Protein chains: 2
Amino acid sequence: MRLFKSSEYAIRSLVYMAVSGIEVCSVKTLSDALDIPYKFLGRLMSRLGAAGIVTSQQGKLGGYSITRPLHEVHLADIIDVVEGLESYDRCILGFETCDDKNPCPLHDQWSGHKDGIREMIDNVTLADLARSDCKRI
Amino acid sequence: MRLFKSSEYAIRSLVYMAVSGIEVCSVKTLSDALDIPYKFLGRLMSRLGAAGIVTSQQGKLGGYSITRPLHEVHLADIIDVVEGLESYDRCILGFETCDDKNPCPLHDQWSGHKDGIREMIDNVTLADLARSDCKRI
DNA sequence: CTATAATACCACCCGGAGGTAGCATATGCG
DNA sequence: CGCATATGCTACCTCCGGGTGGTATTATAG
Ligand code: SF4
Ligand code: SF4
């Protein structure tokens, strides 16, 4: 019932970049501000760059910047890059094939929550998170 | 967003014992019927026995039986024994200390789902699952 | 040219989940 | 009794997420 640490790091980093207003943000800055291991975050941001979520700029004063407008970056986009969306499509008892006619014993109680969570990560964007003006990132 | 394999195994085994009507069910029977590794399930059932969920009987014709009435065995009881409930109390971004006055950026969108899931595993019992009369276990 | 910062490798380490093998122990039944 | 069945327990294995360290390359601002 939790995101991978990598997904947490990715979301927190992107929210920080969004609310801090820093256009080009170095990994060092993010690592210090959010207390995330530098090398680990470096690899993670590189992957986000390869996926097109962020754009990298090398050299002095270089760093990462968010490619698209904030309201176009959905949570599902980030999670998909970092850990994949399999666990959000698959279900609580882990059956591979799953049809409503032959459900698992938990279907009635679970499928509502599953759909709600999936809808949440599909719809919530970085703009929503940045708007929530909480100090804790 | 998924149970541990061990929790899946435990829930499926208990549901099988509930719907099959077998009073004393051997690990071999469960392992064959549900396609769960024999030795692995043996250890798991042993843990459920130590926790009081099931009662064991050794020797020929031995096996496990569910200790309490079905409507008194909640999903949360099983999950607590197998994988613990930490991930259902903690939250999506993994912050240790968490108060409503200083929430994380996802609080508004997430806490509803979290509470709903927690309520589900607290309230749903084996009796509910056995009643759902689905063939797939 | 120099300092800074990303990029690309590498080789490890740790802990936990999932799974396997072997042996000891208890017990019903012929 | 003696054997087959079934639990109980310890040790070991693999895989993966998370994390550290190093080294070298490329790009860029000043
Ligand atoms: S809860 Fe429903 S959708 Fe999920 S695995 Fe079970 S039957 Fe399929
Ligand atoms: S979503 Fe709410 S309850 Fe969960 S960690 Fe964030 S602030 Fe805490």
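First things first, this report covers the structure right here in the doc. Residue numbers here run from 1 along each chain, matching the order of that chain's written sequence. The naming scheme follows written order: chains are lettered A onward, ligands numbered 1 onward. With pLDDT at 70 or above as the cut-off, local features in this predicted model cover only qualifying residues; side-chain atom pairs require 80 or more to be listed or tallied, and sums for whole chains, interfaces and linings still use all residues. Excluded from the side-chain calculations are hydrogens and water; all other atoms, namely the structure's heavy atoms, are used.

**With respect to the overall build of chain A**
Phase 1: Helix and strand counts for chain A come out as seven helices and two strands.
Phase 2: Strands are runs of DSSP state E lasting at least 2 residues, helices are runs of H or I lasting at least 4, and numbering of each runs from the N terminus. Secondary structure elements of chain A occur, N-terminal to C-terminal, as α-α-α-β-β-α-α-α-α.
Phase 3: In terms of its C-alpha atoms, chain A occupies a principal-axis envelope of roughly 60 × 30 × 25 Å.
Phase 4: Here the term buried applies to any residue with accessible area under 20% of the maximum for its type, exposed to any over 50%, and partly exposed to those in between, with areas from a 1.4 Å probe on protein chains only. Expressed as a percentage of its 137 residues, the buried residues of chain A come to 47%.
Phase 5: Throughout, a residue-residue contact means that at least one pair of heavy atoms, one from each residue, lies within 4.5 Å. By sequence separation, contacts in chain A at least 24 residues apart represent 61% of the contacts at least 6 residues apart.
Phase 6: Accessible area for chain A stands at about 7100 Å²; split by element, carbon and sulfur atoms hold 49% of it.
Phase 7: We treat Lys and Arg as the positive residues and Asp and Glu as the negative residues; His and chain ends play no part in the count. In this description, the location of a charge corresponds to atom NZ of lysine, CZ of arginine, CG of aspartate or CD of glutamate. Positive and negative charge centroids in chain A, built from 16 and 19 side chains respectively, lie 10 Å apart. What sets the accessible areas is the Shrake-Rupley method with a 1.4 Å probe; for residues, cover comes only from the shown protein chains.

**Looking at the protein's contact with DNA strand D**
Phase 1: Neighbouring residues of DNA strand D: 24 residues in total, closest Lys5(A), Pro37(A), Lys39(A), Gln58(A) and Tyr64(B).
Phase 2: Near residues are defined by distance, with any heavy atom within 4 Å of the molecule or strand qualifying the residue. The share of sugar and phosphate among atoms of DNA strand D within 4 Å of the protein is 65%.
Phase 3: Between N or O atoms, a polar contact is any pair within 3.5 Å; within protein, one atom must be a potential hydrogen donor and the other a potential acceptor, and residues adjacent in sequence are included only when both atoms are from side chains. Within the contact set of DNA strand D, a base oxygen lies 2.6 Å away from a side-chain nitrogen or oxygen of Lys39(A).
Phase 4: Those elements that place two or more of their residues in the surface near DNA strand D are α1 (5-20) and α3 (38-50) of chain A together with α3 (38-50) and β2 (63-66) of chain B.
Phase 5: Ranked by residues supplied to the surface near DNA strand D, first place goes to α3(B) with four residues.
Phase 6: Considering only residue class, the surface near DNA strand D consists of eight nonpolar, nine polar and seven charged. When residues are sorted by character, Ala, Val, Leu, Ile, Met, Phe, Trp, Tyr, Cys and Pro go into the nonpolar class, Asp, Glu, Lys and Arg into the charged class, and all the rest, Gly among them, into the polar class.

**Things to note about the protein's contact with DNA strand C**
Phase 1: Neighbouring DNA strand C are 23 residues; Ser56(A), Tyr64(A), Lys5(B), Lys39(B) and Gln58(B) lie closest to it.
Phase 2: A share of 69% of the atoms of DNA strand C within 4 Å of the protein falls on sugar and phosphate groups.
Phase 3: Here Ser56(A) contributes a side-chain N or O atom positioned 2.5 Å from a phosphate oxygen of DNA strand C.
Phase 4: Among the elements of the structure, α3, β1 (54-57) and β2 (63-66) of chain A together with α1 (5-20) and α3 of chain B are those that each provide at least two residues to the surface near DNA strand C.
Phase 5: For the surface near DNA strand C, a count of residues per class yields eight nonpolar, ten polar and five charged.

**Structural notes on the packing of aromatic side chains**
Residues and elements named next belong to chain A.
Phase 1: Ring pairs shown here join Phe, Tyr and Trp side chains whose ring centres sit within 6.5 Å, with only the six-membered ring taken for Trp; geometry is labelled stacked below 30 degrees between planes, edge-to-face above 60, and tilted in between. By the definition in use, this model includes two aromatic pairs over all chains.
Phase 2: For the pair Tyr9 and Phe40, a centre-to-centre distance of 5.9 Å together with 85° between the ring planes defines the contact as edge-to-face. Residue Tyr9 is located in helix α1, and its partner Phe40 is located in helix α3; the two are separated by 31 residues in the primary sequence.

**Looking at the environment of Tyr64(B)**
Phase 1: Structurally, Tyr64(B) is set in strand β2.
Phase 2: Not counting the four nearest positions on each side in its chain, Tyr64(B) is found in contact with Met17(B), Glu23(B), Val24(B), Cys25(B), Val27(B), Gly42(B), Met45(B), Ser46(B), Val54(B), Thr55(B) and Ser56(B).

**Observations concerning the interface of chain A and chain B**
Interface size is often expressed as the accessible area that is lost when the parts come together.
Phase 1: Each partner contributes to the interface: chain A provides 37 residues, whereas chain B provides 37 residues.
Phase 2: Here the quantity called buried area is the accessible surface, traced with a 1.4 Å probe, that two parts lose on coming together, added over both. Here chain A meets chain B over a buried area of about 3700 Å², counting both sides, of which 67% is carbon and sulfur.
Phase 3: What counts as a salt bridge is simple: a side-chain nitrogen of Lys or Arg found within 4 Å of a carboxyl oxygen of Asp or Glu. For the pair chain A and chain B, the interface holds zero salt bridges.
Phase 4: Where chain A packs against chain B, one counts zero residue pairs in polar contact (both at pLDDT 80 or more).
Phase 5: Elements supplying a minimum of two residues to the side of chain A that touches chain B: α1, α5 (86-89), α6 (107-123) and α7 (126-131) of chain A.
Phase 6: By residue class, the composition of the side of chain A that touches chain B is 21 nonpolar, eight polar and eight charged.

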